[in-house]
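Secondary and tertiary structure notes
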Amino acid sequence: LTRGAHELILYGTGYYGKRTVIYFNPFVDGNPVQRSASVRTWLEDSRINRLVTGHQPHGQSPTVVRHPSTGLLVVTADTSRSNANASKVQNPANNRGEAISVVRIIGDCLFIQGEKNDGRPHGCCLHVDPNKDIMPDALVGRQLTDNSWVKTVMRGSEDMKVTIARGKGFNVEVSDISIQQACLRLKSEYGWGGAFAIQLQDITADKINPAELTVEACLPEEEILSPRKYQRSHSFKQKMFDEAETYLFSYNGVMLDPDTEQGKRIVENVNKMIEKGKRVIFISNDSTLSRKSFFKKITTKFGVQLHQSVEAACKRPSGSKRSLSNYHSSSSVCLSQDSVVTSAFTCAWFLKSAGIKKPFVVGYGNGLIDEFAVEGIDDYFATVDKNGQQKPEFLQPVTAQNILDIVRQAPDIDAIVVGWDHQLTALTIAVAAQYLRWSMELGKPIPIIACSMDVGGILGRTPEDFDIPHFAGRKVRTLGIGTMSHAICSCVRPPRHAINVGKPSQLFIEHLRRPMDEGGLEVDFTKAVMIGDNMNTDVELANRAGMKSVLVLSGVTSAEDFDRAVRMSRMMIPDSQTPKSFPTWVIDTFANVET
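Predicted model, so just to flag it, every value in this text is computed and none were measured.

The next point concerns the environment of Pro-447. Within the element layout of this structure, Pro-447 appears in the loop between α15 (426-441) and β19 (448-450). Pro-447 gets classed as partly exposed once you look at its relative accessible area, which sits at 26%. Between the C-alpha atom of Pro-447 and that of Pro-359, which follows or precedes it by 88 residues, the distance is 9.5 Å. When neighbours within four sequence positions are excluded, Pro-447 is seen to be in contact with Ile-356, Asp-414, Ala-415, Ile-416, Arg-496 and Ile-499.

This is the structure we're talking about:
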């Protein structure tokens, strides 16, 4: 006994040995891809500029792929797996739920309209000629640096957002992000920096910070409930690693004590890469370091030949590269600005680009102050003096009088900057909170900018022969800038959110990506590799930017930490590392890499 159309199903599924259009899968590992060059050419020669198919499921709304070379629109309009948990009382095969979408073609316009399972409306209008599309609809069908795609525009509210999605097997990772964030995350081939350019002064924390990620499963319920099979290999691939042109190194945890054999070997490996003409850039979330001091630390203490890396970058053909003579004109910032990046600089770069005139700066040391000077930011009010030392007035008890005395020194603050502060006091937090609260009450809220959102950091380890045996060999942790900025933001109601300018933020990525004549480093992420020790910052930065990554187990992440993250991912523990935080490769130490 067979069901109806049995022979047609056998034909469509390739039973007779041939692939057919009927069951063609337009995705790779569950994620949309552009059609091949031969298919695009055939469609263009046939004067076909829109292709609408039904297979395969990909969440609660149709999936659109706009081909940048020809403008071809490919729409996969299958929402049959929108909600595997939908009620099956009346229809046992109901895996769609309440989601519904309509795709219409009228003249040169393709319309998508519908509702998601929660009743929120979405839709867009796309023209055959992409130049006729208006924002935010023009974003639909374009790909972002992390390989997710803009699917649709969420309607029904003043603050419109776009839905982005990235398939992984039979799951679809979905989030709604702001128009500004989508524009910043576009791949270069999809218009980043051109018609979709964003002015940094328009950025706010709620528009730039990562959105909540949900997973829409395109599987039957019984398969969703089974443990996820995490089968990805992280074995190091030397050939693929060597194909890159640019290598970004996180400092902490990657560079080890240069007086040890491992530390010496790491420096030798980095210098060999530079000798081969590779571009090497060191990055850090340490806001106490300026680029000048960071460059000196890497070159003097460790002996890394960053001077040669700068010269190699200058010799590459590019109209926006600075000339080599500019580097030799100064032995400080000019020489270091394209080979090291710290969050102190990305902060100064953002303040200048955003037009902020007088920030209140919470910090320690000279990193922020030195970078402000380079960017021409002279009018600021800081918790430290010109020498980077803590001002005594911020070490006093918290009283109304002490708060008012400090505020009187700078009543015209237009932003709060939070860097690493070794001596953060309750009074400093209280002063920053007053500025935030009073600006909100006056209807002119000021932003708070954090040099990173790290919750904590590692200062070192207790000795193996520590006099308290059960604490021997353990990490010594401290609070991070993210914890400090959160303490300030939590003092006001409703709580504020900080704009993150450290890794792995979109603004840090934007600085790495922008052309040099716009103050950026002009890194081509498709030809770059990130080497770091932290899954939440270094690896996350690489995945957001679309880079390959190497996780070294010589720093904050141990082999046990990584194994635990993999196990939690397999068991789908809610607070586990998300898939975005997993690296391309894992190695014990960079000393073991053949360069």
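Of all 7 residues in strand β8 (residues 121-127), 6 are buried; the element is thus mostly enclosed. As paired elements, strand β7 (residues 109-115) and β8 share 7 bridges and run antiparallel to each other. Bridge pairing in β8 links Glu-115 to Pro-121. Hairpin geometry of β7 and β8 is characterised by an intervening segment of 5 residues between the two adjacent antiparallel strands and by a positive phi of about 90° at Gly-119. Where β8 lies against strand β9 (residues 149-154), 2 bridges are found, and the strand directions are antiparallel. For Gly-123, the partnering residue across the bridge sits in β9 and is Val-153.

A few words on the packing of aromatic side chains. Inspection of the entire model under this criterion finds 16 aromatic pairs. Ring centres of Tyr-251 and Phe-294 lie 5.7 Å apart, and the angle between their planes is 80°; on these two criteria the pair is classed as edge-to-face. Residue Tyr-251 is found in the loop between β13 (246-250) and α7 (261-275), and its partner Phe-294 is found in helix α8 (residues 291-301); the two are separated by 43 residues along the sequence. The exposure classification of Tyr-251 matches that of Phe-294, with both residues buried. Linked through ring pairs, Phe-236, Phe-241, Tyr-247, Phe-249, Phe-282, Trp-585 and Phe-590 together constitute an aromatic cluster.

Moving on, we get to helix α13 (residues 367-374). Taken together, the buried positions of α13 are occupied by Gly-367, Leu-368, Ile-369, Glu-371 and Phe-372. The secondary structure elements touched by the buried residues of α13 are α8, α12 (343-354), β16 (359-362) and β18 (415-418). Backbone geometry just downstream of α13 places Gly-376 in the positive-phi region, at approximately 75°.

This paragraph deals with a nonpolar patch on the surface. Together, Tyr-11, Tyr-15 and Tyr-16 make up an exposed nonpolar region whose accessible area comes to about 400 Å². Secondary-structure assignment places Tyr-16 in the loop between α1 (6-12) and β1 (27-28).

In this section: the nonpolar core. The nonpolar side chains of a soluble globular protein tend to be buried, and buried together. One finds Phe-360, Ile-416, Tyr-435 and Ile-449 to be the most contacted residues of the largest nonpolar core, which totals 86 residues. The leading source of residues in this core is α12, at 8 residues. With residues near it in sequence (within four places) discarded, Ile-449 still touches Cys-347, Phe-350, Leu-351, Ile-356, Ala-415, Ile-416, Val-417, Val-418, Ile-499 and Val-501. The next biggest cluster of nonpolar side chains, apart from the first, holds 32 residues, and it includes Val-254, Ile-274, Val-280 and Val-340.

With that settled, the discussion passes to the sheet that holds β13. On the basis of which strands lie adjacent, the open sheet formed by 6 strands has the order β15-β14-β13-β23-β24-β25 and parallel pairing. Taken across any chain shown, the strands that pair with only one partner, and hence form the sheet edges, are β15 (340-342) and β25 (585-587). Each adjacent strand pair in this sheet contributes to an overall mean axis angle of 20°, direction not counted. As judged from the 3 bridges shared by strand β24 (residues 548-552) and β25, these two strands associate in the parallel manner. Looking at the pairing, Val-550 lines up with Trp-585 of β25. Sheet contacts for helix α18 (residues 535-545): β13, β14 (279-284), β23 (528-532) and β24; angle to β24, the most-contacted strand, approximately 160°.

A few words on the sheet that holds β16. Reading across from one edge, β17-β16-β18-β19-β22 is the order of the 5 strands in this open sheet, with parallel pairing throughout. At either margin of the open sheet sits one strand with a lone partner, and together these are β17 (381-382) and β22 (499-500). In this structure, β19 lies alongside β22, joined through 2 bridges in parallel fashion. Within the sheet, the bridge partner assigned to Ala-450 lies in β22 and is Asn-500.

So, on to the pattern of salt bridges. On inspection of all chains with the given rule, the structure shows 22 salt bridges. Residues Lys-352 and Glu-375 are paired through a salt bridge, measuring 4.0 Å at the closest nitrogen-oxygen approach. Within this pair, whereas Lys-352 is found in helix α12, its partner Glu-375 is found in the loop between α13 and β17, the two being separated by 23 residues in sequence. Assessed through its relative accessible area of 16%, Glu-375 is described here as buried. One salt bridge in this structure joins Arg-437 and Glu-441, with 3.2 Å as the shortest N-O distance. Linking Arg-437 with Glu-441, this pair stays in helix α15, spanning 4 residues, or about one helical turn. Exposure remark for Arg-437: the relative accessible area of 30% places this residue in the partly exposed category. With a relative accessible area of 55%, Glu-441 lands in the exposed category. Each of Lys-116, Asp-118, Arg-120 and Asp-176 takes part in salt bridges that share partners, so that together they form one network.

Cut-offs and rules
Residues numbered from 1 in each chain as written. Predicted model: local features only at pLDDT ≥ 70, side-chain atom pairs only at ≥ 80, totals over all residues. Heavy atoms only, no water. Helix = DSSP H or I, 4+ residues; strand = E, 2+ residues; numbered from the N terminus. Buried < 20%, exposed > 50% of the residue type's maximum accessible area, 1.4 Å probe, protein only. Contact = heavy atoms within 4.5 Å. Pairing = 2+ DSSP bridges. Phe/Tyr/Trp six-rings, centres within 6.5 Å; stacked < 30°, edge-to-face > 60°. Patch = residues over 30% accessible without salt bridge, like charges linked within 9 Å, V, L, I, M, F, W, Y side chains within 5 Å. Areas by Shrake-Rupley, 256 points an atom, 1.4 Å probe, with all protein chains shown as cover. Salt bridge = Lys/Arg side-chain N within 4 Å of Asp/Glu carboxyl O. Core = buried A, V, L, I, M, F, W, Y, C linked by side-chain atoms within 4.5 Å. Axes fitted to C-alpha atoms, helices over the stretch in contact; angles between N-to-C directions.

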